[in-house]
Amino acid sequence: MRFFIALCALYISVQAYDFNFIKKSGTDNNNTLLVIGGIHGNEPGGYFSAAILASHYKITSGNLWIVPNLNAKSIQADQRGLYGDMNRKFLKIDKNDPDFNIVSDIKKIILDKNVTLIINLHDGHGFYRNKDYGTIFNPKSWGQTCVIDQCDLKNSTTYNDMDKIATQVKLNINKNLLENHHMFNVKNTNTKFDDEEMKHSLTYFAVTHNKPAFAIETSKNLSSLSQKVYYQLNAIEEFMNIMNIHYQRDFELNSKELSNIINNYGTITINGNIYLNLEDIKKSLSFIPLQSSYNDFVFSSSIGSVKTQNGSFDLYVGNKRVTTLHRQTFDLCKNIDSNVSIKVDGKVKQFKFASEFFVNDDFTVMKTNDMRVNVIGFTDKKHKDESDLNINYKSLDKSYSIDDHKKRFRIEFYDKNSFCGMIVVNFR
Ligand SMILES: [Zn+2]
């Protein structure tokens, strides 16, 4: 599975890995926070936080590098690790291990000379307390902690006092608690002396290479995903404050706004000629014109992925299946001008394939010489080509809508037996 994100003004995405790697840069280059989400596929608080960091934060000073979906296949499967625990493969890993490339690649990124501090995002069991208060609140729980492997780093000159940094993060999170029992603590695993297992972890790999590294564990027992993301982002923002990395975010940090952001799955562009808004999209769409062999899916979300099986395509954002596209196989048109004229509420406008437009009353796709128009959900027995026909909301069979609110419909363009492109009409 190779991922691709379109270049946009806010960030550059590097395309050489089995995960997404997003670099957001401010003005200076010597101070880089690396945030890693999704090492465990069933811990969505971590990877949804990293994805929001990628799409809703702008860095104005310093650098923020984000790997939102390290263990992408396990995220899609909503499992801790399809091939075992990836966070136990950093001390040694067999060359034949399916995770070998991912672990090798992220190690190189961790050791990049620009990276000055690393945080690895998790959702952990329960709520950590230093005394035993039962199965949820006890010293063995991981939830609501900033985890360090040791107190300090002797050979690092920057951010070497990890205990002090973790304590500052904890104190600041505790000023913004949603409920008192969510309070954060520092958990020192004292890995070198006390914890054989943690010696195999990502953070310990970083620490033994003189890179300050922390794990943030929000609790799996929090009542909602938005609460987990709320605490992750509070922690990450405090790390950025400590590192003097300046940022702007385009939303208020509270769990209600986060819930809206998490539930907005963004958009997908397929083969450059189909564009679907994933908001309110039906759980299943049929006869989607796709190619038999290769199809290129580009999500706006950095944790979007596709699972292909027998001519159907499950689209995921994180561990959530958003919809399934059932294919009707077509070749793609060659050398077709993707500019189309459509009269929208009486006014002629230009559109390109892989776009959508809004209409109040009616629309008419203007005739072109080389393409046949098919408005899905519209039937006129006299016409095979549905261009030059006035179409309003009443004339559409609503069962063909793309969305649950029955507002959006597909307009498809064909040249003989090839599919040229789609434009979506959106009724207000
Ligand atoms: Zn984890």
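In what follows, the structure referred to is the one given above.
About the criteria used
Position labels on residues start from 1 in each chain and follow its written sequence. At least 70 in pLDDT is required for a residue's local features to be given in this predicted model, at least 80 for side-chain atom pairs to be given and counted, and no such filter applies to totals for whole chains, interfaces and linings, which use all residues. Heavy atoms from the whole structure form the basis of all side-chain values; hydrogens and water molecules are not counted. Two cysteine sulfur atoms make up a disulfide if the distance between them is within 2.5 Å. A run of H or I in DSSP becomes a helix once it reaches four residues, and a run of E becomes a strand once it reaches two; helices and strands are each numbered from the N terminus. Only protein chains enter the accessibility calculation, which uses a 1.4 Å probe; a residue whose area is less than 20% of its type maximum is buried, one above 50% is exposed, and one in between is partly exposed. Excluding water, the donors of a metal are its N, O and S neighbours within 2.8 Å, or within 3.2 Å for Na, K and Ca, and that exclusion means sites may look incomplete. Think of it this way: with four donors and all angles in the 85 to 135 degree range, the site is tetrahedral; with four or six donors, opposite ones beyond 155 degrees and the rest between 65 and 115, it is square planar or octahedral; otherwise it is irregular. Salt bridge, as applied in this entry: a Lys or Arg side-chain nitrogen positioned within 4 Å of an Asp or Glu carboxyl oxygen. Charged residues are defined here as Lys and Arg on the positive side and Asp and Glu on the negative side; His and the ends of the chain fall outside this count. Polar contact criterion, stated in full: a pair of N or O atoms within 3.5 Å, where within protein one must be able to donate a hydrogen and the other to accept it, and residues adjacent in sequence count only if both atoms are side-chain atoms. Here, two residues are considered to be in contact whenever any of their heavy atoms come within 4.5 Å of each other. To estimate the expected span of a helix, subtract one from its residue number and multiply by 1.5 Å. Pairing between two strands is assigned when DSSP locates at least 2 bridges connecting them. Between N-to-C directions, angles span 0 to 180 degrees; the directions come from axes that are lines fitted to C-alpha atoms, helices contributing only their stretch in contact. The scheme is simple: roughly parallel for angles under 35 degrees, roughly antiparallel for over 145, roughly perpendicular for 65 to 115, oblique for anything else. In this classification, the charged set is Asp, Glu, Lys and Arg, the nonpolar set is Ala, Val, Leu, Ile, Met, Phe, Trp, Tyr, Cys and Pro, and all remaining amino acids, among them Gly, are polar.

Some words on the state of the cysteines
Scanning all chains against the criterion turns up one disulfide. Between the sulfur atoms of C333 and its disulfide partner C420 the distance amounts to 2.0 Å. What sets the handedness of the C333 and C420 disulfide is the S-S torsion sign, and at about -75 degrees it is left-handed. Taken as a pair, C333 in the loop between β20 (331-332) and β21 (339-344) and C420 in strand β28 (residues 418-427) lie far apart in primary sequence, 87 residues in all. With respect to burial, C333 and C420 carry one shared label: buried. With no disulfide of its own, C146 has C151 as its nearest cysteine by sulfur position, at a separation of 12 Å. Accessibility expressed as a relative area gives 0% for C146, which makes it buried. For C151, a relative accessible area of 37% gives the class partly exposed.

What to know about the coordination of the zinc ion
Coordination of the zinc ion by the protein is provided by H40 (ND1), E43 (OE), E43 (OE) and H122 (ND1), with metal-donor distances spanning 2.0 to 2.4 Å. Coordination at the zinc ion comes from four donor atoms whose angles at the metal span 57 to 157 degrees, giving a geometry best classed as irregular. Coordination of the zinc ion draws on donor residues from a single chain, spaced H-x2-E-x78-H in sequence. Residue class for E43 comes out buried when judged on its relative accessible area of 3%.

Quick word on the pattern of salt bridges
Per the stated rule, a full pass over the model turns up 11 salt bridges. Salt-bridge contacts for E197 lead to R88; the nearest nitrogen and oxygen are separated by 2.8 Å. On the criterion of sequence distance, the pair formed by E197 in the loop between α5 (191-194) and α6 (202-208) and R88 in the loop between α2 (72-77) and α3 (100-111) is long-range, its members being 109 residues apart. On the accessibility criterion, R88 (23% relative accessible area) is partly exposed. The salt bridge partner of K89 is D99, with a shortest N-O separation of 2.7 Å. With a gap of 10 residues between them, K89 in the loop between α2 and α3 and D99 in the loop between α2 and α3 connect regions that are remote in the sequence.

Focus: the side chain of D314
The residue D314 is located in strand β18 (residues 312-317) in this model. For D314, which is buried and forms no salt bridge, the nearest opposite charge comes from K307, at a distance of 4.7 Å. Side-chain polar atoms of D314 contact the side chain of Q309, separated by 3.1 Å. At 2.7 Å, the side chain of D314 forms a polar contact with the side chain of T324. Among residues more than four places away in sequence, those in contact with D314 are S305, V306, K307, Q309, R321, T323 and T324.

Structural notes on α3
Over its 12 residues, α3 extends 17 Å from the first C-alpha to the last, a length consistent with the 16 Å expected when each residue adds 1.5 Å. Listed in full, the buried residues belonging to α3 are I102, V103, S104, D105, I106, K107, I109 and I110. Buried residues belonging to α3 abut β2 (21-25), β3 (32-36), β5 (63-67), β6 (115-124) and α6.

Re the sheet that holds strand β17 (residues 304-309)
The strand order β15-β19-β18-β17 describes an open sheet built from four strands, whose pairing is mixed. Looking at the sheet topology across the chains shown, the edges are occupied by β15 (284-290) and β17. Sheet twist, expressed as the average angle between the axes of neighbouring strands with direction ignored, equals 30 degrees. Both β15 and strand β19 (residues 320-329) contribute to a ladder of five bridges, which runs parallel.

Details of the pairing of β17
With six bridges joining them, β17 and β18 adopt antiparallel strand pairing. Paired with Q309 across the bridge in β18 is S312. Two successive antiparallel strands, β17 and β18, enclose a turn made up of two residues, where N310 displays a positive phi of approximately 45 degrees.

Points about the sheet that holds strand β13 (residues 267-270)
The three strands are arranged β14-β13-β16 in an open sheet whose pairing can be described as antiparallel. The sheet is open, and its two edges are formed by β14 (274-277) and β16 (297-299), each paired on a single side. Neighbour-to-neighbour, the strand axes of the sheet open up by a mean angle of 20 degrees, direction not taken into account. The sheet contact formed by β13 and β14 spans four bridges and is antiparallel. Residue pairing in the sheet places I270 in a bridge with I274 of β14.

Structural notes on the packing of helix α7 (residues 225-242) against helix α8 (residues 255-263)
It is the contact of α7 with α8, at a shortest axis distance of 9 Å, that shows an interaxial angle of 110 degrees. One finds that α7 runs roughly perpendicular with respect to α8. Along its contact with α7, which presents L225, S226, Q227, V229, Y230 and L233, the element α8 presents S255, L258, S259 and I262. Per-class residue counts for the contact of α7 with α8 are six nonpolar, four polar and no charged.

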